[in-house]
Amino acid sequence: MSTYRRVLAMVARNVPVSTIATQLDTREDAIRGMLDSMVREGYLRAIDCESAACSGCPMSDACGMGADGNPMSYLLTQRGRELLAEHDCVAVKS
């Protein structure tokens with residue numbers, strides 16, 4: 001599996017960016033670059049958590065992205081789910 005799809009699969013499981021970087025032995029800024037690319041390509045939707053308190057977010061209990069101080073969370077889009085399902089990277093709900 002490509003690093004790109006591994007990162008996407010980990011984000012789908014709410015793994016924090018810092019953990020993704022550590023597990024893949026990659027710099028965090030490289031992972032963030034991949035995430036930006038995934039957003040541009042329509043695989044992820046970025047949610048800016050900086051403008052609202054985490055306690056007010058309906059995803060706060062399941063969100064792993066704020067754990068590393070990153071004010072950004074990501075949601076897998078339908079296109080992202082299809083990419084992962086196509087490559088059997090992760091079981092993803094539609």
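We now turn to the structure provided with this report. Being a predicted model, the structure only gives us computed values, none of them experimental.

Parameters at a glance
- Residues numbered from 1 in each chain as written.
- Predicted model: local features only at pLDDT ≥ 70, side-chain atom pairs only at ≥ 80, totals over all residues.
- Heavy atoms only, no water.
- Helix = DSSP H or I, 4+ residues; strand = E, 2+ residues; numbered from the N terminus.
- Salt bridge = Lys/Arg side-chain N within 4 Å of Asp/Glu carboxyl O.
- Buried < 20%, exposed > 50% of the residue type's maximum accessible area, 1.4 Å probe, protein only.
- Axes fitted to C-alpha atoms, helices over the stretch in contact; angles between N-to-C directions.
- Parallel < 35°, antiparallel > 145°, perpendicular 65-115°, else oblique.
- Left-handed = near helix turned anticlockwise from the far one by under 90°.
- Contact = heavy atoms within 4.5 Å.
- Nonpolar A, V, L, I, M, F, W, Y, C, P; charged D, E, K, R; others polar.

1. Concerning the environment of R13
- Mapping R13 onto the fold places it in the loop between α1 (3-12) and α2 (17-23).
- In this structure the C-alpha to C-alpha distance between R13 and L75, which are 62 residues apart in sequence, comes to 10.0 Å.

2. Here we look at the pattern of salt bridges
- With the rule as written, the count across this model stands at 2 salt bridges.
- As a salt-bridge pair, D29 and R27 come within 2.6 Å of each other at their nearest N and O atoms.
- R27 sits in the exposed class, given a relative accessible area of 60%.

3. Remarks on the packing of α1 against helix α4 (residues 78-86)
- Relative to each other, α1 and α4 sit at 120°, their axes nearing to 10 Å. Classified by the angle their axes make, α1 and α4 are oblique. The chirality of how α1 crosses α4 is left-handed. Here α1 contributes R5, L8, A9 and A12 to the contact with α4, which in turn contributes G80, L83 and L84.
- Classifying every residue of the contact of α1 with α4 gives 5 nonpolar, 1 polar and 1 charged.

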